[in-house]
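Single-letter residue listing:
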Amino acid sequence: MVPNLINFVLPLRAKYLTKCPPIVILHTDPPNEKQWNQIAYFPEIYFVKGSALFTKDLIRANLTKAVKVVIQTPDASEVKSSFSNKQSHTDGDVELDNLTREEQELLDAKTIFKYKSITRIRPDIEIVTELVCPQNLAFLLPHTKDYTLMRKYGVTLTPIFASGQIYLSSVMDSLICQSYYNSALLTVLYQILVGNMVGGDSKKGEKNTEKPVDEFGEVKQSNLYHLPV
């Protein structure tokens, strides 16, 4: 399980949210004491022991009633241990940069199989998937014409990437590096990692109508639609 689980839960339990949707964590190993203590005080968080590779475990996790699914990249130490006889996680956390090309592709292979297993049960569900290698996005493209589009214009112009269904680990690294030259990107990074913060505290039972405290507070929200022609 990813060690920074608290960073995933925090935006989904922000104070400005009027409702807290249930969060179901499906994993083969339960969170350790440190991880659980960080998220245990949040409401509506559940853990189901199992794997997204198996249909019975997805049914136990109530996938049929889920609104969204997030597939995170497996812990790098899991793949590192499969390439050696020693359990590498005993030596500490393994960074993605320390993995070989084959090990990084194995991480994405597990993610891709989980994606296929979920869409087999719920083809209509919204899934956000994290990939390490950009070229592996081709295995998730629903149509052959999308593959042609990717070959011609690159990964970033494919519909599933442009609509936010695919998240590449390298994107965050690029944004952090670019923020050195463009300080405005720090606000964008903050919104991505933490969520939309609202100034002030609203009273219990009252809806907080204050505007977000950032320079993007006046920008109107927009939507991106992909319509097959």
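This text follows the structure it describes.
What you are looking at is a predicted structure, and each value in this text was computed from that prediction instead of being measured.

Notes on the nonpolar core
One finds Val69, Ile118, Ile127, Leu137, Leu140 and Ile166 to be the most contacted residues of the largest nonpolar core, which totals 20 residues. Secondary-structure elements contributing two or more residues to this core are strand 3 (68-71), helix 5 (101-121), strand 4 (126-131), helix 7 (159-162) and strand 5 (166-168). The element that contributes the greatest number of residues to this core is helix 5, accounting for three residues. Discounting chain neighbours no more than four positions away, the residues touching Leu137 are Leu131, Met150, Val155, Thr158, Ile160, Phe161 and Ile166. Counting ten residues, the second-largest nonpolar core is a separate cluster that includes Met1, Leu5, Ile39 and Ile45.

Things to note about the pattern of salt bridges
The full count for this structure, using the stated rule, is two salt bridges. When the shortest N-O distance is used, the salt bridge between Arg60 and Asp57 registers 2.8 Å. Separated by three residues within a single helix, Arg60 and Asp57 lie in helix 3 (residues 55-60), roughly one turn from each other. Here Arg122 ties to Asp124 by a salt bridge, and the two come within 3.1 Å at their closest N and O atoms. Classification of Arg122 by relative accessible area gives buried; the value is 14%. Accessibility expressed as a relative area gives 60% for Asp124, which makes it exposed.

So, the sheet that holds strand 3
Strands in a sheet are paired, the pairing made by backbone hydrogen bonds, and the direction either parallel or antiparallel. Taken together, the three strands give an open sheet; going across it, the order is 3-4-5, and neighbouring strands pair in parallel fashion. Both edges of this open sheet fall to strand 3 and strand 5, since each of them pairs with a single strand only. In this sheet, neighbouring strand axes are inclined to one another by 15 degrees on average, regardless of whether the strands run parallel or antiparallel. Pairing analysis gives four bridges linking strand 3 to strand 4, with the strands arranged parallel.

The rules behind each value
- Residues numbered from 1 in each chain as written.
- Predicted model: local features only at pLDDT ≥ 70, side-chain atom pairs only at ≥ 80, totals over all residues.
- Heavy atoms only, no water.
- Core = buried A, V, L, I, M, F, W, Y, C linked by side-chain atoms within 4.5 Å.
- Buried < 20%, exposed > 50% of the residue type's maximum accessible area, 1.4 Å probe, protein only.
- Helix = DSSP H or I, 4+ residues; strand = E, 2+ residues; numbered from the N terminus.
- Contact = heavy atoms within 4.5 Å.
- Salt bridge = Lys/Arg side-chain N within 4 Å of Asp/Glu carboxyl O.
- Pairing = 2+ DSSP bridges.
- Axes fitted to C-alpha atoms, helices over the stretch in contact; angles between N-to-C directions.

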